[in-house]
Amino acid sequence: PRLVKSASSRESVQKAISIYGLIQKNWQNFGQMDLVIFNHAFANQSLGQDKDAETLYYRLIQHHASSPLVPDAHLAIGEIAFKQAHFEVALDHFNAIKRFPESRVYPYGLYKAAWTHYNMRNPELGLKKLEEVVTYGKFVAQNKMNSRLDLRKEALSDMTVFYEDVYPAKDAYKYFVEQAGEAEVGPILLRMGTLYERHSRFNDQRIVLTQFTNKLPKSPLIPKVQNDLIAAYDALKQKHKAVETLEELDKICEPSSRWVKAQNQAKGENSNGAAADCQANLQATSLRMANKWLRAWKKLPTDISFADASEKAYEIYLRNPASREEHAQSRFTFAELLFARGKLRKASQEYAIVSDLDGVGTLNHDAAYAAVVSLEKAVGDKWSSEDERRFRELASRYVEKNPKGQYRLDLEYKMALLAYEKDRFDEAAPVFLRLGREYSDQEKGLKAQDLYLDILNIKKDYRAIRNYTTELLAKKGHSARDQKMRKLYETAYFLEVQGLEEKGDWQAALKEYQNFSKENSSSELAEKAMWNSMQLHFKLADFLNGAKAAEDYAVRYPNSKQSRSALVRAAQTFESMGQLSEAARVLGQLAGKDSKDSKRWMELAADFHALDGETAQARQIYKELRSGGSPDQRVRLLGKSEALEKNYGTAQTHAEILKTMIDGGVEPQASNAKVEGVEQLFQKGRHEEAFNEARRQLGSSRFNANQKARLRLVQAKVLESEFIKQSVKSRAERVGAVLAIKTEKLQKAQEALQSSIKYGDPRVSIEAFERLYNCYQHYVSALRQMPVPTGLSAEEAKVFRGEIDNLVVPLEEKSVDTLAQALIFARQQQFLDGSAARLESELNRINHQVDSNLAPQIFEPGLVLPVLAGGRQ
């Protein structure tokens, strides 16, 4: 009816219905009335007038029971009831057809009965009906009953639907082989698997498809089965099994596989047609699954099973050729997957393959760069020779194919950097130099400049650094970088000069240090250059200019930590050259800088002024320092002032300073001053006053041993003077009394001298020894020169002279003994003023020995003018 309805116009069918009705009404005995009624019913059914059609079909069955169209009428009524879901009514009519086994529609009745049972929730009984259809179809085929309707193929196909609800999947192959035979079972099993897939019964699908591949390995449907099996495993989340199945399919598609040979043999071909079709199927499946699993992994990156499966699928796909663009894109995607998984070396290899393909557009460029990046990340910081060789190969390939490529700078920079890190500076330097010039406005270009400078620094090629930084500064880039370049220029310049100094070319180094400090006066190194200039002056023995340079340094860099040292060095140098006035001037500057030791430096300056004869300056400084100094300092300064006035001042100024010391009770200066006062009284000839004052002072406890020794020595000198003044001339009757007086005075002088020696002062002691020796010698000489008293006879005169000689001999021995003691004492004290030599010479004289250790005669040097260059004076 559907075909009729679609093929004929409603109007034409309606006319046919009218004609059929007219025949039934006017010619009731017409011989083919069953045919008229059937067609009348069929026409109504075709127009959807099922009620009218059903009435007519029933009339045919009831009134024309022997008509061959009765089975068709039952079938038509069953179809109408089936459509209306009146399945019991439909089943009755379909079963009624069984009474007409010779009918053409007999198998269709069974077929429809089967579907009716299925819709009545009795698939098992329905399956039995389909089995009957299959059996009948076999009967028809065996008996070559071509006029019969053969629904065996349809039944076999529909059996899969019924089987799904009746029997387990594991028995599918056995069941359908029995129904269809081995030759025809393949498509049925395939359909069975499809049904399981539609109903999400993936494990059952797997079972059926696995049976298919095991039982029918040579079936032409094997590629399709493998595809479905892969999908089933994927649905079951058994991706590893899906990959294994892909691998199996890859082997099946091999031109030398048993399956391919079986297909070619079945078709009578020797070509690889089956293999090519299989490969195409494999390619599509492997790529589809690879992409699917890759997408899943990106959504769920923690599940690496997706990544594993995708990687394997891509590998399978890439084993066989495909279209250039698809192959390139897929391999690139595969490389991306490997990169994302950290399989960097393998990713680099895959990227490199893509980069070698032609005609793939930007993919070639991207892959070439990605190949390098992958290798770089794989290596990390530890580059082997082979890794570096491979990197250079990939990077060079990129640059060659993409001379204006986006990453050319990065790759050339990296190649040079690798050479740099392996100390291959001659290889890296020209590349860094070129990149620094070509890409001076980019970060890596600037880094290239820095590394080139570093190579020059490693080579200690400071002149090249100066030249290159000068080139960079001429471009006037960023101020911060310009400052850095300026500093590098200055450092290189400085180190270059320092190299001259280290080589011993001090003159050249001195000149360059001076030029540097002038040209780069604001540089941090200018101070160091000036300091080194000063040092070189001293190394070159140019002490005067060295001292001036040191002073200039301190003036220019007053806040430097070394300015104090510079001034000290200048002062020391001026002092060593005898330019004490200059030294004093520098010390004045040092005092202004060094507040902590200011007074010490000013005191030293005053000392230099004093030594240089600039007494007014010295006197003023000493006076100023005394006013603000500590007691100890005041004492020391008073001592220096006293020495200054004593040697260079007037008697009045000296007396004034002594009075200041005495009034201030400055010890030992005050006591020294009193002692000196006593000594001055003696020197002025005021012997009695000096003797008495010495006696009065000796009674005080504040004098030390030295001072007491000096006071006692003054008394001894007074007594010595009185002894020497005592004459021995007299008359005969007065000789005894005169000698007694002389001897008494000798004893007093002797006691005083010996007493001064006992105080232990070396200088006083040596003088006392000599004076005591002189007293003895004086007495000996006086006695020997004593005239014979008047009034004595010649015999008496001879006796007198004999007595005098008796007095002289012990005195001479005592004098010699005293001189020997003095010599021993002088040697013990190690005097450097010639005392020991003088005493030894005197001792040798009186002992009548040759003097072999005479002290050299010393003369004051005269003035000598310096000899200037060219012989001028």
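Just so it is clear, the structure is predicted and the values come from calculations on it, not from any experiment.

(A) How the structure looks around the side chain of aspartate 234. As for its placement among the helices and strands, aspartate 234 is situated in helix H13 (residues 222-235). Excluding its chain neighbours within four sequence positions, the residues that come into contact with aspartate 234 are Lys239, Ala242, Met289, Lys292 and Trp293.

(B) Main features of the packing of helix H20 (residues 362-379) against helix H21 (residues 385-401). For the pair H20 and H21, the least separation of the axes is 9 Å and the interaxial angle reads 160 degrees. One way to sum up the angle between H20 and H21 is to call them roughly antiparallel. In this structure, the crossing between H20 and H21 has a hand that is left-handed. Between H20, through Asn364, His365, Ala368, Tyr369, Ala371, Val372, Leu375, Glu376 and Val379, and H21, the contact on the second element is made entirely by Asp387, Arg390, Phe391, Leu394, Ala395, Tyr398 and Lys401. In terms of residue class, the contact of H20 with H21 is built from 10 nonpolar, two polar and four charged.

(C) Representation of the pattern of salt bridges within the structure. Applying the stated rule across the entire model yields 63 salt bridges. In this structure, the salt-bridge partner of aspartate 228 is lysine 224, at a minimum N-O distance of 3.2 Å. On the criterion of helical spacing, the pair formed by aspartate 228 and lysine 224 is a turn pair, its members being four residues apart in helix H13. For lysine 224, a relative accessible area of 40% corresponds to the partly exposed category. Note that glutamate 311 is salt-bridged to arginine 341, the shortest N-O span being 2.8 Å. Here glutamate 311, found in helix H17 (residues 304-318), pairs with arginine 341, found in the loop between helix H18 (324-340) and helix H19 (344-356); they are 30 residues apart in sequence, far enough to count as distant. Glutamate 311 gets classed as buried once you look at its relative accessible area, which sits at 7%. Each of Asp356, Glu386, Arg389, Arg390, Glu393, Arg397 and Lys401 takes part in a single network of salt bridges with overlapping partners.

(D) Molecular detail of the confidence of the model for the protein. Considering every residue of the protein, the mean pLDDT works out to 85; 95% of them sit at 70 or more. Per-element averaging of pLDDT across the protein places helix H1 (residues 2-7) at the bottom with 56 and H17 at the top with 93. Contacts from residues 867-873, a stretch scored under 50 in pLDDT, to residues over four places away or in other chains number three contacts.

(E) Region of the structure containing the state of the cysteines. One pass over the full model with this rule turns up one disulfide. The residue that forms a disulfide with cysteine 253 is cysteine 278, at a sulfur-sulfur distance of 1.8 Å. Because the torsion about its S-S bond is -65 degrees, the bridge between cysteine 253 and cysteine 278 counts as left-handed. In this pair, cysteine 253 sits in the loop between helix H14 (239-252) and helix H15 (258-267) while cysteine 278 sits in helix H16 (residues 273-299), placing the two residues 25 residues apart along the sequence. For cysteine 278, a relative accessible area of 1% translates into the label buried.

(F) Examining the environment of threonine 285 more closely. In this structure, threonine 285 sits in helix H16. Looking at threonine 285, the relative accessible area reads 1%, which means it is buried. C-alpha of threonine 285 to C-alpha of tyrosine 317: the two residues are 32 residues apart in sequence and 8.5 Å apart in space. When near neighbours in sequence (up to four residues on either side) are disregarded, threonine 285 contacts Asn227, Ile230 and Leu246.

(G) Structural detail: the nonpolar core. In this structure, Met159, Phe176, Leu189, Trp293, Tyr351 and Phe391 are the most contacted members of the largest nonpolar core, which totals 108 residues. Of all the elements, H16 adds the most residues to this core, at 11 residues. Aside from chain neighbours lying at most four places away, what touches phenylalanine 391 is Val372, Leu375, Glu376, Trp383, Leu411, Lys414, Met415 and Leu418. Formed by 52 residues, the second largest nonpolar core is a distinct cluster that contains Phe723, Tyr773, Ala822 and Phe831.

Reading the values: the criteria
- Residues numbered from 1 in each chain as written.
- Predicted model: local features only at pLDDT ≥ 70, side-chain atom pairs only at ≥ 80, totals over all residues.
- Heavy atoms only, no water.
- Helix = DSSP H or I, 4+ residues; strand = E, 2+ residues; numbered from the N terminus.
- Contact = heavy atoms within 4.5 Å.
- Axes fitted to C-alpha atoms, helices over the stretch in contact; angles between N-to-C directions.
- Parallel < 35°, antiparallel > 145°, perpendicular 65-115°, else oblique.
- Left-handed = near helix turned anticlockwise from the far one by under 90°.
- Nonpolar A, V, L, I, M, F, W, Y, C, P; charged D, E, K, R; others polar.
- Salt bridge = Lys/Arg side-chain N within 4 Å of Asp/Glu carboxyl O.
- Buried < 20%, exposed > 50% of the residue type's maximum accessible area, 1.4 Å probe, protein only.
- pLDDT = per-residue confidence, 0-100.
- Disulfide = S-S within 2.5 Å.
- Core = buried A, V, L, I, M, F, W, Y, C linked by side-chain atoms within 4.5 Å.

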